[in-house]
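# Chains, contacts and geometry: an overview
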Amino acid sequence: MASWLGGLGSGLGQSLGQVGGSLSSLTGQISSFTKDILLEGAEEVGDAATELHVSNSRLREIESINAAQKFENERLKKLCSDLEEKHEASELQIKQLSVEYRNQLQQKEVEISHLKARQNALQEQLQKVQTAAQSAQSGVGVLPPAAASASYVPAVRPSSCFEGDDMDFGDIIWSQQEINRLSNEVSRLESEVDHWKQIALSSKVQRTNDAEQSEICKLQNIVKELKQNLSQEIDEHQHELSVLQDAHRQKLVELSRRHREELREYEERIEELENQLQQDGVSADAMDDSKISQQKKNAQSLERGKVEELQIVKDLEDEIRRLNHKLSSAKEESKILLKEQELAKVEKMQIMQEYENLKSDFSMLQSSVAERDALLKEQEKKLQLKTSLPEDIVRLQQALLEAENELARLSSLKQEGLEKELTSAQHKNVLSVYTEDQNSELSQLRQDLERKESELNESIAERETLIVELEELDKQNQEATQHMITLKEQLSKQHMENDSVVKQLKFDLEFERKKVSELEIEKMETIKELNSQKEKLSQCSCELNDLHLNKQQLQDNIKDFEEQLKKAQECNSHNEKEIEELQQRLKEREEELSVSLSKLTEKHNKESNYACQDLILKEREVEIAKLQNDISENKQLNEDLEKSLSDLRTENGKLIAAVEELKQELSDAISEKNKVYLEKDTVVEALKMEKRQLENELNQTEKRLLEQAHKYKQTIEELSNARSMDTTALQLEHERLVKLNQEKDFKIAELKRSIEQMETDHQETKEMLTTTLGGQKQLTELIKEKEVFIEKFKNQALQVKQELEEYMKVSKKQDVLKHNLEEKDRSLAIMKEENNHLKEEIERLKDQQSRSTPVVEPKTLDIIIELESEVTQLKVIKNSLEEEIEVHKKTIEDQNQTTVQLQQSLQEQRKEIDESRFQCEQMNVTHERLSLEKDEEIKNLQKTIEQIKTQLHKERQIIQTYSSDLFQETKVQTLNGENGNEKHDLSKAEIERLVKGIKEREMEIKLLNEKNVSLSQQIDQLSKDEVGKLTRIIQEKDLEIQALNARVSSAPYRQDVLCLQQQLQAYVMEREQVLAVLSEKTRENSQLKTEYHNIMDIVAAKEAALVRLQGEIQKLSNRSENSSQEMSRETIQNLSRIIREKDIEIDALSQKCQTLLTVLQTSSIGTDNGSGGVNSNQFEELLQERDKLKQQVKKMEEWKQQVITTVQNMQHESAHLQEELQKLQAQISIESDSNSKLQVDYNGLIQSYEQNEKKLKSFSQELAQVQHSIGQLYNTKDLLLSKLDLVTPSVAAASTVSQLSGIQYSAPEVLSDESKLLQNELERLKSKLQEKDSTIRTLQENNQRLSDSVATASEIERKSQEGTESEMRQIKEKHDVLQKSLREKDILIKSKSDQLLSVSENLSNKENENELLKQAVTNLKERNLILEMDIRKLKEENEKIVAKCREKETEFRALQETNMQFSMMLKEKEFESHSMKEKALAFEKLLKEKEQGNTGELNQLLSEVKSMQEKAVTFQQERDQVMVALKQKQMESSALQGEVQHLREKEQRLNQELERLRNHLLEMEDSYTREALAAEDREVKLRKKILILEEKLVSSSTAVENASHQASLQVESLQEQLNLVSKQRDETVLQLTISQDQVKQYALSLANLQMVLEQFQQEEKAMYSAELEKHQNQTAEWKKKAEKLEEKVISLQESLGEANAALDAASRLTEQLDVKEEQIEELKKEGEIRREMLEDVQNKLMDLMNSTEGKVDKVLMRNLFVGHFHTPKNKRPEVLRLMGSILGIKKEELDQLLSEDQRGVTSWVTGWLGGGAGSKSVPSTPLRPTHQNIFNSSFSELFVKFLETESCPSIPPPKLSVHDMKLLGAAGTGKTSSTPSNSQMQDSAASAMSRRPDANPFLARRSAAVPLIMPTSNSGHLLMKPISDALPTFTPLPVSPDASAGAVLKDLLKQ
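Treat the numbers as computed from the prediction; the structure is a model and nothing was measured.

Another aspect to go through is the overall build of the protein chain. Helix and strand counts for the protein chain stand at 33 helices and 0 strands. When each of the 1951 residues of the protein chain is scored for burial, the buried share is 35%. When contacts within the protein chain are restricted to residue pairs at least 6 apart in sequence, those whose partners lie at least 24 apart make up 90%. Element-wise, carbon and sulfur atoms account for 56% of the exposed surface of the protein chain, whose accessible area totals about 118000 Å².

Here is the structure:
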C-alpha cells in the first residue's frame, strides 16, 4: 500500500515538475524577449553621447532589478509547484485510506445486518409462541420493532472545486475614473495658467512705470513662495494617495479572502452531500448483500432439510396435496406480481425522465448562480432586504417541501408494492421447499427482489440528490433576489445623484446668464461714461456748460440701463419660475412613481397571499412543473436584467464622467466671469470717482478765479482813490478807514466764532468719517486701481466699440437659448406622454400575464415585471438626462465663446487663445459624438455589442501605439523623473520598436490559440467517441432488457431468464457508475464555468484599462508628455501582467488536458481488458473534467476569435495612429517651451485638487459611519435570525424529515484547508469503525435477550405523539409570533436606513455649504489684509503731504509779510513825491506873486503854508500810523483768510467724501427703489385685482339693487294683498259673530251628545278590555310556539351539521366499503378456489387413509428407534409411547408393557436391532452457539423446535397495503385519505429511534422512515387484526405454556 502510494506520488511529482519547467521556460522566453527589446531601445536612444551614457546606465540598473525579480519569481514558482505536489500526494494518500476504511465499514455493516436478521428471526419466533398462547382468547400477534433509520450527515466538503480569486474590479474601475477626472482637472488648470500667463505678458508690455515693476517683483516673490508651498502640499497629497491605495489594496485582499472562504464553504457543503449520497448507496448495497447472503443461507438450509423431509412427506401426503393447491394460487399471484413489476418499471422510467429534466435545470441554475456570485460579492455591504422577497422564498421552500413529501409518498408506495411482492415470494419460499419444480421460481423471485431493491435504492438516492439540489437552488434564488434588490437600490441612488447634478447644472446656468447680462449692462455703462469723460476732458478748459449737457446725457443713459436691467431681471425671474415649475413637476413625477410602486407592492403582497392559499390545495406534480417553468423564465429574465444592468453601469459611468467635465467647465467659466465682473466694477467705480473729482476741481477753480478777480478790482479801486485824493479826500478816507477797521474787527470776531463752529463741525465730521472709514478704505484702494485702469481704457476705447457689436451677437445667442429652453419644455411634455404610454403598456402586459399564466407563481413574475418597468423607466430618465446634458453643453459652449471673446478684447495675444479654443471645440465635438453614440446604443439594443467592439478596437489600437514592454516603460519613467528637460524622447525608432513588440505578442497569441484549438479538437473527438460508445452500450442493454422481458412472459424460458437477470443486474450497476460519472462531470463543468467567469472578469478589467488608456491618450494633445507617459506606462504594465497570467493559465490548462487524456486512456484500457478494477469515482471525475474542458475550450475559442478580430483592427489602425503620433510630436516640440513656463504656474492651481481631496476624506468618513451603522443593523438582524433559527429546528424536527436534514446540512463547521478536511474524515471513519465494532458486540449480546414490551411501546408512542402534537402547536404559535416580530424589525430597519440616507445627504449638503463659506471667508481675509496694507501706505503718504503743506504755508506767510512791507514803502515814496510836487507848485505861485510884488500876501501865504505843512505833517504821521495799523489788520485778515481757505478745503474734502457716501446710499436706494418698483408692480397687480373685485362688487350691488327693486314691488303687491285681507277680515269678523251664536247652540246640543257618548264609551271599554285580554293570551301562546320553533330550528341545524358530518363520514365509509367489498369479492373467489382445493385434498386424504391403513413408515420407525437410544434414560418411556401411538397400540396396553420390567424390553429391542442401528445419525438443524447441548433436551422437544423453525418464515412480516394505510390515516386523523399526515410518519420514526438506539445509521435513509405501525385509536398492526381479513388462514395449534413437548406431539399426531 505504502509502496503504491509512494509510486503514485513520485509520478505526480514528475508531472508537476514538467509543468513547473514549462512555466519557467515560458517566463525565460518572455524575459529574453524583453531584454532584446531593451537592448534595441538602448541602441536607438539618440545621437548625443550624454543621453546614451545616461540611458545605458539606467538600462543596466533596470536589468539588474529585473533579473533579481525574475529569480525571486522562479523561486516562488518552484516553491508553489513543490507545495502543490505535496498537497496532491497527501490528498491521494488520504483518499486511499478513506477508501480502505469505507470498505471495512461496509464489511462491518454486513455483519451488523446478519446479526440483525438473526435477532429479527428470534423475535419472530418468540412472538409466534406468544400468539400461539394467546390465540384462544384474541388471536392478536406481536409486532416486531421496526428498524429505525436516521440520516447521517458527514461533515465533509469537496476539495476539487476551483477557487477563483474574484477581485473587486468595480472598486478598481471607480478609482481609475477618479484618477481620470483629476487628470482632466489638471489639464484644465494648465490651460487656465496659459491664459493668465498671456494676460500677464500683455499687462507687462503696457506697464512701463517703475511702481508697476516693483509690484511685479513683489508678485514674482509671492509666486515663488506659493510654488514652494504647493510643491510641499503636492508631496503630502501624493503620500496620502499612496496610503489610500494601500488601504484599497488591503480591502481588495480582504474581499478576495472572504470570497475564497465562502467558496470553500460551498465546496465542503457539496462534498458533504456527495459523501452522504455515496454512503447511502453503500448502505443500500450492504442491505442488498446481507439479504442475498441470508437468502443463500436459507436456500442451503432448505436443501439440507429437503433430503430429510422427503421421508416425512410420504407420511404427510395430505399436506402435500394442500400445498399443491396453494402453489397454484401462488403461481397466479406471481403473475400478478410480474404485471405489477412491469408497472413499477414504467413508473421508474417516468421518474428517471423527471430526474434528468431537473438535473438539466439545476445545471442551468448553477451557471446562472456562478455568474451572479461575482456581482453579489461586490455589493454584499449594501444589501437591504425587503419583506416581499423572504415571503417568496418561504413559498418556494413550501413548494419544495411539498415536492419532497410527494417523492417520499411515491417511494413509500413503491416500497409497499415491493414488500408485498417480497412477502408473496417468501410465502412461496416456505411453500416451495418441498418440490424441485418450485426452486427455479424461487431463484427468479429472488432476482426480481434484488433488482427491485436496487431500483428502489436508485430512486431513493436520486430523490435525495434532488432534495439537495432543490435546497441549493433555494439558496441561489435567495442570493439572486438579494442581488437584484441591491442593484435596484444602486440604480435608484445613481438616479438621485444624476437628478442632483442636473439641478446644480441648471442653477449654475442661470447664475451665469445673470452675470453675463449684468456684465453687458455694466460694459455699456462704462463705454458711455468713457465717451462723456473724454468730451469733458477736452472741453473743460473751454466751456463749463458742456458738462451739464453731458450730465443730462449720462442720466438718460442711466435710465436706459436701468430699464435694460429691469428687463433682464424680469427675464431672470421668469426663467427661475420656469425652472421651479420644472422641479415641481419632476418632484410630482417622482411622488407618482413612489405611489405606483407602493401600490404595486401591496398588490403583490395580496396576490402572494392568495397564491399561497391556492398552492396548498393544488396537486404536487403540477407544482413541480410550474416551478421548473418559473425557474427557466427566471433564468432568462435574470440574464437579460444582468446584461441591461451591465450596460446601464457602463453608461452611468460615462455619464458621470461627462457630468464632472461639465462641472469643471462651468466652474472655469464662473471663475473667469467673476474676475471680469470684478474688473468692470472697479473700472466703473474709478471712472465715477474721476468724474466727481474733476467736477469738484472745476468748481474750486471757478471760485478761486472769482475771488482773485474781486481782489484785483478792489486793489485797483484803492490805488485810483489814493492817487486822486485831496486832503479832504484823505480825511474822508481816514474816517472810512476807521470805520473799515471797526468792521474788520467785527468780522474777525465773527470769523473766529465761525471757525470755532467749523472746528466743532469738523470734529463731528471726523467722528462720522471714522464710522465710514471701512467703506472709504476700499474706495481709496479702488481709486488707485482705477487710475491704472483708466490708462488702459484710453487705449481700449476703440476695441470696446468692436466688442459692442459682438455683444449684440451674444444677445441674439441668448434668444437662441430661450428657444432651446422652450424646446426642452416640449421634450419634457413628450417625455411625460411617453411615461404615461409606458405605464399603460406595463398595465396591459400585467393584464396579459395575469390572463395567460394564472397558474404561474405571481410573486416572482410581478417582481420581474417591476424590475423591467423600473429598468425601462430608468432608461427613459437616462435619455432625458442625456438630452438635458447636451442642451447644457451647448449653452455652456455658447457662454464659453462669449467669455473667450471678452478675453480677446482684453488681451493682445489672440492667436494663442484661438488655437486653444479650436482644440476645446474639437474636444466638445468628440464628447457630443460619444453621447450621440450612447443614445443610439440605448435605443437600439441590438447594435450595442458592435459599438462596444468598435470602441474596444479603437482602445486597443491606441494601446498598440504606446504599448512597449514594461521595462521600457520603467526606463522612460526614470529618465523623465531625473531629467526634467528631456521631454521629447519618443522618436520614430521607438515607435517601430513598439510595433515589433506588438507583432511578436500577436504571434505568441496566435500560436497559443492554435494549440488551444488542437487541444479542444482532441477533447471533442475523445468525448464524442466515449459518448458514442456509452450510448451504443446503453442501447444494446435496452434491447437485451426488452428481449429478456419478452422471454420472461413465456413459461419454458424461465431458466434462461435467471442468467439474463444476472446479466441485467451487472448492466444496471454499470449504468449507475456511468450516471455517477456524468454527475461528477457536470459538477466539474460548473467549476470550469466559474473559472471562465473569472477570466471574463479579467477581460472586463482589461477593457476598463483600455478605456482609461483612451482617456489618457486624448489628454496627450493638451497635457505635457510627462504625465501622459506615466499613465500609459501604468496601463501597459497592467495589460502585460494580465497577458502573462493568461499565458500561464493556458499552459496549466493544456497540461491538465494532457494528464486527463492519459488518465482516460488508462481507464479505457482497464475497461477493455474487463478487469473491472477501475474506480468509479475516478472515471466520473475524468468525464466531468472532459465536459468542463469542452465548454471552456468553446468559450476560449470564441474569446480567441474576438481577440483576433480586435488585433487585426488594431493593426489596420496602427498606421493612422503613427501619423497622428508624428503630428503630436511636432505639436509637443512647439509646446515644450510653453510647458516649462506652465509648470511654474501649474503648482499654484492645484488648490482645487486639494479641496477635492478634503471632500473625498469627508466622504470616506461619512461612508465609514454609514457602513458602521449598516453593520450594526446587520448585527441586529443576525441576532433576530439566530433567534428564529433556534425556533425553526424544533418545528422542523416535528414537521418533516427533509427539514431535519436541511438543518443538519447547515450545522457542520467550515474548515479552512482541504488537507485538514481529509484528515478529519479519516479520524471520523476510524471512530465509525470503532462504533461498528461496539454495535456488533451489543447486537451479539442483544441476540440473547428478547424484548416483550411491544404493546407498552405502542401506548408510549401514542402518548408521545399527543405530546409532540401539542408541542408542535406551541412551537408554531411561537414561530408565527417571531415571524411577525421579524417583519416589524425589518420595517424598522428599512425606515432607519431611509432616515440614515436622508441624514447623510443633508450632512453632505451642509458640508458643501460649509466649504463654500470657508472659501469665502478665506477670500475676505485675504482682501482685508491687502486693504490694510494699502491703508498703511496711504496713511504714510498723507502724513508726508501734510508736512509739505505746512512748510508751504509758512513760506507763503513769510512772502506775504515781505510783500506788505514793500507795499508800505511804495506808499510812503508816493506820498513824499506828492508833497514835493505840492511844494513846487507853491514855490511857483510865490514866485509869480513876488513878481506881482505882493510881499504881504506872500508872508501870509507863507505862514499859511507853514501851518498847512505842519498840519500835513501831523496828518501824514497819523496816516502812517493808520496805514501801519491797517497793514497789520490786513496781515491778520489774510492769515485768517488762509486759515479759512484751509478749513474750506477740508470742508470740500469732507463734502466730497459725503457725496461719495451719498452716491453709495443712492445706489443702495436705487436697489431699494427697484425692489420698491417690484413692490409697486405687485401693488399694481393687487390694485388690478381690487378693481376686478370692485367691478364684481358693482355688479353685485346692481344685482342687490335689482333685488331690492323687486322686493319693493313685492312689498307693494303684498300691501295690496294686505288691504284685501283686511277687508276679508272684516267680513270674517261679521261671520264670526254669527258663527259664535251658532256655536253656543251647538254647545248645548254637544253636551247632550257627550252624555250619551260617555255611556256608549263605558260599554265599549268593557268590550275592548275583554277582547284585549283574549288577544294578549293569543300572542303569548304564539310567542311560546315561536320559541319552540326556534329551538326546533336550532336542534335541526345541529342535526343537519351532524348529518353533514355523518354524510361525510358515510361518503368515506362508502369509499372504504367499496374497497372492502372488492376485497370481500376477491376473498370469496379465493375461498371458492380453496374450497374446491379442500374437497380435492379431502378426497385424496380419504384415498390415502384407505390405502395407508395398517402401513408403517420404515424411515419414521428407524428415526424413532434411533432417537430412543439417543434420549436419556429418564425420558425413554415417552419415546416408546410415541412409537406405540404410531403403531396403534392402546394406552392401557402400553402402560402394562412399560410397568413390566424394562430390561426385557430393552434386551428384546437390542436383540431385534442386532447392534446395527447406531450407524445412522439423526439429521438436525445446524447448531447455534447460543443453544444448549442436544443431549440435555428431549427428542420430542427437539422435534417440535425443528417443526417451528421450519414453519416460521425468515422474511420480515408483510407491510400494510395502500387501502389499509388510507383507512388507518382516515381513522387516526380525520384528514383526507389522499394525503397521509407527515407528523404521524415522523412521530413513528422518532419512536422507532427511541426504541432502537443500536440501529445502524447507514442502513436506512431519510426516505426510509415509513412506519409499519400507523398510530390509530381503533386498530394497530396488521398482525393485530383478525387473520381472515388479510392473510390465508391456517388452523392454529393451541399450546399451553405449561404443556410439555410430548403433549404437543401427541396433539399433532391426533390431528
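Continuing now.
Take the packing of helix α25 (residues 1754-1766) against helix α26 (residues 1772-1783) next. At a minimum axis distance of 9 Å, the contact between α25 and α26 shows a crossing angle of 165 degrees. With respect to each other, α25 and α26 are oriented roughly antiparallel. Crossing hand, α25 versus α26: left-handed. Residues L1756, M1757, L1760, F1761, H1764 and F1765 of α25 pack against R1772, V1775, L1776, M1779, I1782 and L1783 of α26.

On the surface, E332, E333, E1711, D1714, E1717, E1718, E1721, E1722 and E1726 cluster together to form a negatively charged patch. Going through the elements one at a time, α5 (317-378) and α24 (1495-1748) are the ones with two or more residues in the negative patch. The element that contributes the greatest number of residues to the negative patch is α24, accounting for 7 residues. Relative to the helices and strands, E333 resides in helix α5. What makes E333 partly exposed here is its relative accessible area of 34%.

Right, let's get into the packing of aromatic side chains. In the structure shown here, the tally under the stated rule is 1 aromatic pair. For the pair F1761 and F1765, a centre-to-centre distance of 4.9 Å together with 75 degrees between the ring planes defines the contact as edge-to-face. Taken together, the positions of F1761 and F1765, both in helix α25 and 4 residues apart, correspond to about one turn of that helix. When its relative accessible area of 7% is taken as the criterion, F1761 is described as buried. Sitting over the ring of W1678, K1681 keeps its end group 4.5 Å from the ring centre.

Throughout the structure, instances matching the rule amount to 32 salt bridges. R704 serves as the salt-bridge partner of E1545, at 4.0 Å between the closest nitrogen and oxygen. Placement of the pair is E1545 in helix α24 and R704 in helix α9 (residues 620-723), with a sequence separation of 841 residues. Via salt bridges that share partners, E178, R181, E185 and E660 belong to a single interconnected network.

This part takes up the environment of H548. In this fold, H548 is placed in helix α8 (residues 545-617). For H548, a relative accessible area of 49% puts it in the partly exposed group. For the pair formed by H548 and K536, sequence separation is 12 residues and the distance between their alpha carbons is 9.8 Å.

This part covers the packing of α26 against helix α27 (residues 1787-1795). At their nearest, the axes of α26 and α27 sit 10 Å apart, and the two run at 145 degrees to each other. In terms of crossing hand, the pair formed by α26 and α27 is right-handed. On α27, the residues that touch P1773, L1776, R1777, G1780 and S1781 of α26 are L1790, D1791 and L1794. Across the contact of α26 with α27, the residue classes break down as 4 nonpolar, 2 polar and 2 charged.

So, on to a nonpolar patch on the surface. Together, L219, I222 and L226 give the surface a local cluster of nonpolar side chains, amounting to about 260 Å² of exposed area. Here L226 lies in helix α4 (residues 210-315). For L226, a relative accessible area of 42% gives the class partly exposed.

All right, on to a positive patch on the surface then. On the surface, K577, R1578, K1581, K1584 and K1585 cluster together into a patch of positive charge. Counting residues per element, the positive patch draws most heavily on α24, which supplies 4 residues. By relative accessible area, which is 56% here, R1578 ends up exposed.

To continue, consider the environment of N1252. Among the secondary structure elements, N1252 is positioned in helix α20 (residues 1247-1295). Taking C-alpha positions, N1252 is 8.9 Å from L182, a pair spaced 1070 residues apart along the chain. Excluding its chain neighbours within four sequence positions, the residues that come into contact with N1252 are R181 and E185.

What follows concerns α26. Compared with the 16 Å implied by 1.5 Å per residue over 12 residues, the 17 Å span of α26 between its first and last C-alpha is a close match. The set of residues buried in α26 consists of R1772, V1775, L1778, M1779 and G1780. Immediately downstream of α26, the backbone of G1784 shows phi near 95 degrees, a positive value.

Locating E192 in the fold gives a position in helix α3 (residues 169-206). Those residues in contact with E192, other than ones at most four positions away along the chain, are D668, S671 and L1245.

Time to look at the confidence of the model for the protein chain. Should pLDDT be low for a region, the predicted coordinates there are not to be read in detail. Across the protein chain, pLDDT averages 77, with 77% of residues at or above 70. Long-range and interchain partners of residues 41-46, a stretch whose pLDDT sits below 50, account for 13 contacts in this model, where long-range means more than four residues apart.

What follows concerns the environment of R258. Tracing the sequence through the fold places R258 in helix α4. Residue R258 is classed as partly exposed on the basis of its relative accessible area of 37%. Through-space distance from the C-alpha of R258 to that of K377 is 8.9 Å; in sequence the pair is 119 residues apart.

What counts and how
Residues numbered from 1 in each chain as written. Predicted model: local features only at pLDDT ≥ 70, side-chain atom pairs only at ≥ 80, totals over all residues. Heavy atoms only, no water. Helix = DSSP H or I, 4+ residues; strand = E, 2+ residues; numbered from the N terminus. Buried < 20%, exposed > 50% of the residue type's maximum accessible area, 1.4 Å probe, protein only. Contact = heavy atoms within 4.5 Å. Areas by Shrake-Rupley, 256 points an atom, 1.4 Å probe, with all protein chains shown as cover. Axes fitted to C-alpha atoms, helices over the stretch in contact; angles between N-to-C directions. Parallel < 35°, antiparallel > 145°, perpendicular 65-115°, else oblique. Left-handed = near helix turned anticlockwise from the far one by under 90°. Patch = residues over 30% accessible without salt bridge, like charges linked within 9 Å, V, L, I, M, F, W, Y side chains within 5 Å. Salt bridge = Lys/Arg side-chain N within 4 Å of Asp/Glu carboxyl O. Lys, Arg positive; Asp, Glu negative; His and termini not counted. Charge placed at Lys NZ, Arg CZ, Asp CG, Glu CD. Phe/Tyr/Trp six-rings, centres within 6.5 Å; stacked < 30°, edge-to-face > 60°. Lys NZ or Arg CZ within 6 Å of the ring centre and 35° of its normal. Nonpolar A, V, L, I, M, F, W, Y, C, P; charged D, E, K, R; others polar. Expected span 1.5 Å × (residues − 1). pLDDT = per-residue confidence, 0-100.

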